[in-house]
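# Results of the structural survey
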Amino acid sequence: MIGKEMIRFIADLYPICRSITGDGVRRTLAKVGERIPLQIHEVPSGTQVFDWNVPREWNIRDAWIKDPHGRKIVDFQHLNLHVLNYSVPVHKKVSLAPLKEHLFTLPDQPGLVPYRTSYYKEAWGFCMAHHQWLGLEEGEYEVCIDSTLEDGSLTYGECFLKGETEREVLISCHVCHPSLCNDNLSGLAVCTFLAEELAKAPRRLSYRFVFIPGTIGSITWLALNDSSRIAAGLVAANLGDPGHFHYKKTRDGNAEIDRAVLQVLRGQEHGVEEFVPFGYDERQYSSPGFKLPVGSLTRTPYGRYPEYHTSADNLDFIKAESLEGSLATYRSVMNVLEGNRRYQNLNPNCEPQLGRRGLYRMIGGDDSGRQRELALLWVLNFSDGEHGLLDIAERSGMPFEAIQAAAEALLEVELLREIP
Amino acid sequence: MIGKEMIRFIADLYPICRSITGDGVRRTLAKVGERIPLQIHEVPSGTQVFDWNVPREWNIRDAWIKDPHGRKIVDFQHLNLHVLNYSVPVHKKVSLAPLKEHLFTLPDQPGLVPYRTSYYKEAWGFCMAHHQWLGLEEGEYEVCIDSTLEDGSLTYGECFLKGETEREVLISCHVCHPSLCNDNLSGLAVCTFLAEELAKAPRRLSYRFVFIPGTIGSITWLALNDSSRIAAGLVAANLGDPGHFHYKKTRDGNAEIDRAVLQVLRGQEHGVEEFVPFGYDERQYSSPGFKLPVGSLTRTPYGRYPEYHTSADNLDFIKAESLEGSLATYRSVMNVLEGNRRYQNLNPNCEPQLGRRGLYRMIGGDDSGRQRELALLWVLNFSDGEHGLLDIAERSGMPFEAIQAAAEALLEVELLREIP
Amino acid sequence: MIGKEMIRFIADLYPICRSITGDGVRRTLAKVGERIPLQIHEVPSGTQVFDWNVPREWNIRDAWIKDPHGRKIVDFQHLNLHVLNYSVPVHKKVSLAPLKEHLFTLPDQPGLVPYRTSYYKEAWGFCMAHHQWLGLEEGEYEVCIDSTLEDGSLTYGECFLKGETEREVLISCHVCHPSLCNDNLSGLAVCTFLAEELAKAPRRLSYRFVFIPGTIGSITWLALNDSSRIAAGLVAANLGDPGHFHYKKTRDGNAEIDRAVLQVLRGQEHGVEEFVPFGYDERQYSSPGFKLPVGSLTRTPYGRYPEYHTSADNLDFIKAESLEGSLATYRSVMNVLEGNRRYQNLNPNCEPQLGRRGLYRMIGGDDSGRQRELALLWVLNFSDGEHGLLDIAERSGMPFEAIQAAAEALLEVELLREIP
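Residues numbered from 1 in each chain as written. Chains lettered and ligands numbered in written order. Predicted model: local features only at pLDDT ≥ 70, side-chain atom pairs only at ≥ 80, totals over all residues. Heavy atoms only, no water.

## Side note on the overall build of chain A
Secondary structure summary: chain A contains 12 helices and 19 strands in total. With respect to the principal axes defined by its C-alpha atoms, chain A has extents near 90 × 45 × 35 Å. The buried share among the 420 residues of chain A stands at 60%. Long-range contacts, defined as pairs at least 24 residues apart, comprise 80% of the intrachain contacts of chain A with a sequence gap of at least 6. (Helix = DSSP H or I, 4+ residues; strand = E, 2+ residues; numbered from the N terminus. Buried < 20%, exposed > 50% of the residue type's maximum accessible area, 1.4 Å probe, protein only. Contact = heavy atoms within 4.5 Å.)

Have a look at this one:
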């Protein structure tokens, strides 16, 4: 069962302390590169990328707080969420009141450790469970964050699978979250396993998988690469929880990718929302200078499950069946994009006689094979140069696969030709 | 009551064994031709019509099965549905097991005889009630089908009523069903009686009624005739059952005929469905080489009533009031098409003073004649060169007749002129 | 409280007997002119205005009926609704039966006096409570209407407030109703107080307030003035009752004014209806020769409250809070029209770094200021040259003011420039 293999892949990546730069990203991409052809890019700190500059590289070895009795009460080695991500180094003694200005907790979820970052403002801090925070006694504490924030580079990975045509499908996932499983090791796993499958299959379209740190990564990628061939795209995240699928549409709202995803989700419970200019990296892909047709296909969206951005988004939270179902759904969407060809009916005047071509039941009034015949008639009627197979699937309400099979049968008896 | 006359017309046609070719069609069209000017066309067997060939002509005189005791247990003279339509001739003795391969029944409706055809595959067979089939004893049976399947011709009828303009309304009904009343002697009756009325009335539009065998008939008609002047059309069938009206839209879905039918059906319970490329002859009229604006206005659609294509679709099933109501509805649709003219408001700047033209109540605050005045105001405001009377009826929500009457009143006082 | 001031303003105007011409209109406009710069126009009787002629001027000094005992049973001095508006002079004795042909009552509201007019047909008459009418005894009555209907002029007022641009907002109210408060002294008050406020404020747009008699006033105005710069408009009436707001759309149905009003009404209970070519003066503004984008924003629409056009539409019926709320709503609509500018995002490639411009929270995962940031992102993403702030407010679902504030903040840091 591939879901279990995805769980193992995630379990390997879980302990690594990722951030928007640094060795955690490199170690993560190395694991991805064991499964798929991955090109690693290093972009030097300070490189200007549109309105931004690539930040200094952050690395961390250890971090802890010792209480007035010298006991480690917070330990990065135990859970890397304990450190405010991108904390500058610190090692000093500090009494409780000033220490508290550097502590982050979740009063409404007192047993969980929050995930906090400070990428663009130099700061140091720790995250802990609120019930632990409540028990902190007065006295002198020792804090240590053994990190470096120095010139280096931003690292991202790219897996490009060339197809018959230059039209590209972009699949983007972020790789900057430390020990958090649904957001977003699940996305990373779905992307890796999908790329692995697509690499082995014949492809009409080209596929570009980008494994990037959130925000600064997509900005960097857009600044340094040519995005003009991207014809469809998805941002992958939150794909391991047990919730149903949720699709956030592209900025345009009616792009081929929107219709392909909704076609695949049809008939199962799912959520849909219009584009909003926040969320994950679709924010950048959809900025007015690009307006790329990139949607986001997740299970429960970010921020809408209580485990989100807490220590509870761990290996217990994600499910093998969910991951496997997410991979299957992404696969189906790609199948629709691959198969959404346009055909010309070569016998447009009235219906052709399907019976003598073996495509039609012979005794009138009998109902066997009805669905297959309906699909043939839909494809024939709407293969008028104006409709592709996805149009026909939408209009007929029939499954894309049935429409595709009908087109193939009609091609075989030379009643259709493909419009290039 | 015209409904009763329609019933008598149908009762005359009921016993005739029609098929897609043969004398049954000729005898049927002869009856139609007693009421309306009907041109009969004979298209020789073998004529190529697009992807099809006109089949050989089928005629039948008799058919029966005798049981092992020599008793006729199935008799074409009693009910012509008993024979598989288009059966090749046969006369032989046969034991029960091989006979059963030639018997068709309805296990779910064991008391009814089904209607089955085999136009395009040579076969012979009989249809019978399932409960009779259950009682068949072992032994040797004698079967006889005294039919011929020979070169001849396909017969169809056409009634063309020339109007002021060349724009044509096509009304199509099939004439190929044997003893079946709702599908489709009801359609045949509505078409005949409607043509009879229209022939006597002044006509802006031209009307073309075609009485054709299903599928091969419309294909033949389209192959051999000029359909380029057809501006609207309806396929008529299932118009005698007691169900409410049901409209299947044209392929385009927003043609004038669609809007005219929905305008007429507004305010009464009715069904509407989008075009699907199967059903009756709208399949052919709507094929991508033609895309004619032809919908189908029925009562209960084919296949959605249990009597459909069984011996229960007989004279008891259809109702005089239903037929009369169907004729009235078709008449109203034609009235909308006839009356959907476009006018120019000759006093476009502000409202004209209707009061001094006798078109407006004089004491402000009184409500008599309000509906009539509203219709006047709607017509004036939207007779801007962009809207016809059907547009105005739709937008105002007022009955088409009220809008039409308002336009006539305004024409009379020279506040409108017709846009040709 | 400005609502109370509006009530006082209305109370001053209430006793005046207005009509479509005459001194009642002049006295009313004089009161309006005490608050705002008002130009008074006098259009001579007989002037042709499109299909109409300006009628003779009507003035009235007194009117009464004396019963057979010489007692005044109906007295214009007590309530000017008692006289059929535009009654020609009469002074004679008349017995009950012929008198009754000149009496108007409301049998369904027997305690109320109706409002009736006869502008375009010479007539005289009285309006009274139905229960009084029921008690009329046989005998000789004396009737007197001391009115004049002579050549004179039609009077209207206009307040034009020039803005930076020539695009005009038209606000129209009728001034022809006698002692009736909601219809339409409330509209007159909202227009006057709104004009008073706008006169003091900086204005991008120009505003044209017209105070005109219904129907003939708008026809006259359109015939004698240039309406080509009117970019948006509202007809104001029924703005003092306690009902919720109701908007009648422009003829087009999707004009900027439609969207501005619906934006302002969003989130509060309100009614909306499509344009119909009757009602108030929007009938004339929307005639096919003009098609001006003029809607009508009221509280309970005319004819839908029982006090409408009766003596119960008096000072007790209208409420200070309702008037104040109506003024505020009109003010908000004007704010949307004023603020609906279009901007170009000067950093269109990906999001700009808002953090270093002080526009973004620094610790990731914290939720303070979220709404403000979302507004910034919406404005940035959709300031692509194709969307104005109203588009963005609609699409985002955020309040217009939030979107406007975001645009101002982005302008300040030079991330936007206005598109002229």
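## Re the packing of helix 10 (residues 370-382) of chain B against helix 11 (residues 389-396) of chain B
All names here are of chain B. Between helix 10 and helix 11, the least distance of the axes is 10 Å, while the angle of their chain directions is 125 degrees. Accordingly, the angle class assigned to the pair helix 10 and helix 11 is oblique. For the crossing formed where helix 10 meets helix 11, the hand is right-handed. Taken together, the residues of helix 11 that come into contact with helix 10 (itself represented by Trp378, Val379 and Phe382) are Ile392, Arg395 and Ser396. Broken down by class, the residue content of the contact of helix 10 with helix 11 amounts to 4 nonpolar, 1 polar and 1 charged. (Axes fitted to C-alpha atoms, helices over the stretch in contact; angles between N-to-C directions. Parallel < 35°, antiparallel > 145°, perpendicular 65-115°, else oblique. Left-handed = near helix turned anticlockwise from the far one by under 90°. Nonpolar A, V, L, I, M, F, W, Y, C, P; charged D, E, K, R; others polar.)

## Quick notes on the interface of chain B and chain A
A common measure of how large an interface is: the accessible area buried when the components associate. Taken together, the contact between chain B and chain A spans 25 residues of the former and 25 residues of the latter. Carbon and sulfur atoms make up 52% of the area that chain B and chain A hide from each other, which totals about 2,300 Å². Broken down residue by residue, the surface that chain B buries against chain A is led by Asp51, Arg251 and Pro277 of chain B, which jointly contribute 26%. The tally of links between chain B and chain A comes to 6 salt bridges. Listing elements by their share of the side of chain B that touches chain A, those giving two or more residues are helix 6 (216-224) and helix 8 (282-285) of chain B. Among the residues forming the side of chain B that touches chain A, the class breakdown is 13 nonpolar, 6 polar and 6 charged. (Buried area = accessible area lost by both parts, 1.4 Å probe. Salt bridge = Lys/Arg side-chain N within 4 Å of Asp/Glu carboxyl O.)

## Topic: helix 7 (residues 256-265) of chain B
Among the 10 residues in helix 7 of chain B, 9 count as buried, and that is most of the element. Phi for Gly267 of chain B, located one or two positions after helix 7 of chain B, is positive at around 90 degrees.

## Structural notes on the nonpolar core
Residues and elements named next belong to chain C. Residues Phe209, Phe211, Tyr330 and Met334 are the most contacted members of the largest nonpolar core, which totals 139 residues. Ranked by residues supplied to this core, first place goes to helix 5 (residues 181-200) with 10 residues. Once residues lying within four places of it in the same chain are set aside, the contact partners of Met334 are Val169, Ile171, Leu194, Leu198, Tyr207 and Leu234. (Core = buried A, V, L, I, M, F, W, Y, C linked by side-chain atoms within 4.5 Å.)

## Comments concerning helix 11 (residues 389-396) of chain C
Residues lying three or four places apart along an α-helix face the same way, a consequence of the helix completing one turn every 3.6 residues. All names here are of chain C. Counting buried positions over the 8 residues of helix 11 gives 6, a clear majority of the element. Among the structural elements, helix 7 (256-265), helix 9 (320-339), strand 17 (342-345), helix 10 (370-382), strand 18 (384-388) and helix 12 (400-412) are those in contact with the buried residues of helix 11. Backbone geometry just downstream of helix 11 places Gly397 in the positive-phi region, at approximately 75 degrees.

## With respect to the relation of the copies chain C and chain A
Of the two same-sequence chains, chain C is brought onto chain A (RMSD 0.0 Å, axial shift 0.0 Å) by a rotation of 120 degrees. Accordingly, the operation relating the two chain copies is best matched by a three-fold axis. Across chain C, the smallest distance between a C-alpha and the rotation axis is recorded for Asn254 of chain C, namely 13 Å. (Least-squares fit on C-alpha atoms with pLDDT ≥ 70 in both.)

## Let's talk about the sheet that holds strand 10 (residues 153-161) of chain A
Residues and elements named next belong to chain A. One open sheet accounts for 8 strands, arranged 1-10-12-11-13-16-14-15; its pairing is mixed. Taken across any chain shown, the strands that pair with only one partner, and hence form the sheet edges, are strand 1 (39-44) and strand 15 (270-273). Going from strand to strand, the sheet's axes swing by 20 degrees on average, the running direction of each strand aside. Here helix 2 (residues 23-33) sits on the sheet in contact with strand 1, strand 10 and strand 12 (206-212), set at roughly 15 degrees to strand 10. Against the sheet, helix 7 (residues 256-265) contacts strand 13 (230-236), strand 14 (245-248), strand 15 and strand 16 (294-298), and its axis sits at roughly 165 degrees relative to strand 14. (Pairing = 2+ DSSP bridges.)

## Brief notes about the interface of chain C and chain A
Taken together, the 25 residues of chain C in the interface contact 25 residues of chain A. Of all residues in chain C, the largest losses of buried area upon contact with chain A belong to Cys350, Glu351 and Asn381 of chain C, amounting jointly to 26% of the total for that side. Our count for the chain C to chain A interface comes out at 6 salt bridges. Along the contact surface separating chain C from chain A lie 15 residue pairs in polar contact (both at pLDDT 80 or more). For the side of chain C that touches chain A, the secondary structure elements donating two or more residues are helix 10 and strand 18 of chain C. It is helix 10 of chain C that contributes the most residues to the side of chain C that touches chain A, 7 residues altogether. Along the lines of polarity and charge, the residues of the side of chain C that touches chain A split into 11 nonpolar, 7 polar and 7 charged. (Polar contact = N/O pair within 3.5 Å; in protein donor to acceptor, adjacent residues only side chain to side chain.)

## With respect to the side chain of His246 of chain B
All names here are of chain B. Within the secondary structure layout, His246 lies in strand 14 (residues 245-248). Side-chain polar atoms of His246 contact the side chain of Glu273, separated by 2.8 Å. Leave out the neighbours within four places in its chain, and His246 touches Gly271, Val272, Glu273, Ser296, Leu297, Thr298, Arg299, Pro301 and Arg304.

## A few points about the pairing of strand 16 (residues 294-298) of chain C
Along a regular strand, successive side chains alternate from one face of the sheet to the other. Residue and element names in this part refer to chain C. Counting buried positions along strand 16 yields 5 of 5 residues, so the element is predominantly enclosed. Burial along strand 16 is two-sided: the residues Val294, Ser296 and Thr298 and Gly295 and Leu297 are all buried. The pairing of strand 13 (residues 230-236) with strand 16 spans 4 bridges and is parallel. By the bridge assignment for strand 16, Leu234 is matched with Gly295. Relative to strand 16, strand 14 (residues 245-248) runs antiparallel, the two being bridged by 3 bridges. Bridge pairing in strand 16 places His246 opposite Thr298.

## Re the packing of helix 7 of chain C against helix 11 of chain C
Residues and elements named next belong to chain C. Packing of helix 7 against helix 11 brings their axes to within 11 Å, and their N-to-C directions diverge by 45 degrees. By the criterion of interaxial angle, the relationship of helix 7 to helix 11 is oblique. In this structure, the crossing between helix 7 and helix 11 has a hand that is left-handed. Only Leu390, Asp391, Ala393 and Glu394 of helix 11 make contact with helix 7, whose side of the interface consists of Glu256, Arg259, Ala260 and Gln263. By residue class, the composition of the contact of helix 7 with helix 11 is 3 nonpolar, 1 polar and 4 charged.

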